[in-house]
Amino acid sequence: DYPPKLSLSVLVNRLKGLSSRILRRDLPNVGYRKALPWSLWSPSWFGVSCGGAPLEVIKAYIDGQRRPTS
């Protein structure tokens, strides 16, 4: 859950930034290649609303997407 007035893009960017800082703090070699910093996360992301559906229903839906229908 997150505040409804907070834009999803802002939330995702905050989560990416926070997780990046935590990983870099706890694992100093993460995010560096040949002594040059590089981004841990892709600039792209995907968000979806599930409208309060039970987690089991969401998992079943995702699992069903992995198999071709034909």
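Residues numbered from 1 in each chain as written. Predicted model: local features only at pLDDT ≥ 70, side-chain atom pairs only at ≥ 80, totals over all residues. Heavy atoms only, no water.

Draft legend 1. Examining the confidence of the model for the protein chain more closely. When the pLDDT values of the protein chain are averaged, the result is 79; 80% of them are 70 or greater. Mean pLDDT per element in the protein chain: strand 2 (residues 36-37) is the minimum at 54, and helix 1 (residues 8-26) is the maximum at 87. (pLDDT = per-residue confidence, 0-100. Helix = DSSP H or I, 4+ residues; strand = E, 2+ residues; numbered from the N terminus.)

Draft legend 2. Quick peek at the layout of surface pockets. Within this model, the largest pocket holds a volume of roughly 180 Å³. Considering the residues around the largest pocket, the lining is formed by Val48, Ser49, Cys50, Ala53, Val57, Ile58, Tyr61 and Ile62. Looking at the lining of the largest pocket residue by residue, the classes come out as seven nonpolar, one polar and no charged. (1 Å grid on protein atoms, 1.4 Å probe; cavity = no way out; pocket = protein on both sides within 12 Å on 5 of 7 lines; lining within 4 Å. Points joined across faces, edges and corners; volume = space filled by probe spheres on them. Nonpolar A, V, L, I, M, F, W, Y, C, P; charged D, E, K, R; others polar.)

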